[in-house]
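Inside the fold
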There are 2 protein chains.
Amino acid sequence: MQITADQVKQLRDKTGAGMMECKKALAEAGGDSDKAVDILRKAGAAKAEKRGERSASEGRVDAYIHPGNRVGVLVEVNCETDFVGRNEEFAVLVREIAMQVAAAGAEYVRREEVPAERVAKEREIFAAQLANEGKPANIIDKILVGKVDKFYSEVCLLEQPYIKDDKKKVSDLVTEFAAKSGENVVVRRFTRYRLGAE
Amino acid sequence: MQITADQVKQLRDKTGAGMMECKKALAEAGGDSDKAVDILRKAGAAKAEKRGERSASEGRVDAYIHPGNRVGVLVEVNCETDFVGRNEEFAVLVREIAMQVAAAGAEYVRREEVPAERVAKEREIFAAQLANEGKPANIIDKILVGKVDKFYSEVCLLEQPYIKDDKKKVSDLVTEFAAKSGENVVVRRFTRYRLGAE
């Protein structure tokens, strides 16, 4: 299978990956450039997870105010360099995250931030419901894992389905951009106000 | 002194006050419309303070993001009716408050929100400084009152000098709009993010 310089260049422009990486991915994909993108993204995503420990102190603060000014969100997303922080695609990512919080009303960024008591209380309620339904104890434990995961996916921003494409989680958006930019990207915090609410 | 219907109309347009109030204010001001505005504002401000107990659950959530996206502020300001909440001048007030917080970095809305321990600690530091300067104890107490007031005017939004006119406090902006609109207006809360900071 012959890979042309032109194919490699197009793939580089699209993904920002190195020349040799692109050549290898195209060969692996049998010349199919869409497949090659997937291969690079998977490799990049794997790298992005390793990058998790590098410090991310640059980034962007942004807000989204829902039309009518009754709901508003302030968000901070960090990356590693000012260069990526000023990148247009990064700005779009941050804005999407702010809109997501406005629309879907997450309460925490990630499950580690949910207070243990709150999780315990949810688990208790679910367990009582299942017991009422007459489910046997050994099955309840299994169902509970799923119920608690569902709870996390409602209150934790990163685990929520993305409002514009529910086949993705919000964390996928972040990981994809991290892979593309080659930087550790961290949603650090958000605040959501709803007029007159707590 | 003759007050014309035209003068009354102009004053009403300017202040939104009632016809009889405007006529009385103009008479009291000897026909000077600027003075009449002052008289109405003082009367209105007095009313606004009485209104303080009426419920303010309408209003506006807005944000101000400083150019460069390194500092951002989310703010909620309440009024009594949706009508005032959708008023253009109210929108301007809310935006000014968000800009003030971005620029001058208040930590609390009002002094009642400052934790007692924090005030006690500030007072202690000031007292130690004054004692070091050899000030006698009976004078230290008097100076302390001023020092603590100064501290409040730095950390409390409503007591800060307005960034665009330091002869005014931020609370004056709020009171002026309350007087003009005839509604109780309350800065309810704000959040300020600075990139990478706590």
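See the structure printed just above.
To start, this report covers the structure provided alongside it.

What counts and how
Residues numbered from 1 in each chain as written. Chains lettered and ligands numbered in written order. Predicted model: local features only at pLDDT ≥ 70, side-chain atom pairs only at ≥ 80, totals over all residues. Heavy atoms only, no water. Axes fitted to C-alpha atoms, helices over the stretch in contact; angles between N-to-C directions. Helix = DSSP H or I, 4+ residues; strand = E, 2+ residues; numbered from the N terminus. Parallel < 35°, antiparallel > 145°, perpendicular 65-115°, else oblique. Contact = heavy atoms within 4.5 Å. Nonpolar A, V, L, I, M, F, W, Y, C, P; charged D, E, K, R; others polar. Phe/Tyr/Trp six-rings, centres within 6.5 Å; stacked < 30°, edge-to-face > 60°. Buried area = accessible area lost by both parts, 1.4 Å probe. Salt bridge = Lys/Arg side-chain N within 4 Å of Asp/Glu carboxyl O. Polar contact = N/O pair within 3.5 Å; in protein donor to acceptor, adjacent residues only side chain to side chain.

1. Description of the packing of helix 5 (residues 88-104) of chain B against helix 8 (residues 170-181) of chain B
All names here are of chain B.
- Their axes nearest at 11 Å, the elements helix 5 and helix 8 cross at an angle of 170°. Taken together, helix 5 and helix 8 sit at an angle that is classed as roughly antiparallel. Packed against helix 5, whose contacting residues are E89, F90, L93, I97 and Q100, the element helix 8 presents V170, L173, V174, F177 and K180 at the interface.
- Looking at the contact of helix 5 with helix 8 residue by residue, the classes come out as 7 nonpolar, 1 polar and 2 charged.

2. Comments concerning the packing of aromatic side chains
- Applying the stated criterion to the full structure yields 4 aromatic pairs over all chains.
- With a centroid separation of 5.5 Å and an interplanar angle of 35°, the aromatic rings of F90(A) and F177(A) are classed as tilted. Pair noted here: F90(A) is in helix 5 (residues 88-104) and F177(A) is in helix 8 (residues 170-181), with a separation of 87 residues, a long-range link.
- Consider the rings of F151(B) and Y152(B), whose centres lie 6.0 Å apart with planes at 45°: the pair is tilted.

3. Overview of the interface of chain A and chain B
- Across the contact, 29 residues belong to chain A and 29 residues belong to chain B.
- Together, the buried faces of chain A and chain B total about 2300 Å²; carbon and sulfur atoms form 51% of this surface.
- Run the count over chain A and chain B and you get 4 salt bridges.
- For D82(B), the salt bridge is made with R70(A), and the minimal N-O distance between the two is 3.9 Å.
- Between chain A and chain B we count 18 residue pairs in polar contact (both at pLDDT 80 or more) in total.
- Taken together, the elements giving at least two residues each to the side of chain A that touches chain B come down to strand 1 (58-65), strand 2 (71-79) and strand 5 (186-194) of chain A.
- In terms of residue class, the side of chain A that touches chain B is built from 12 nonpolar, 7 polar and 10 charged.

Function cannot be read off these values alone, since they describe shape.
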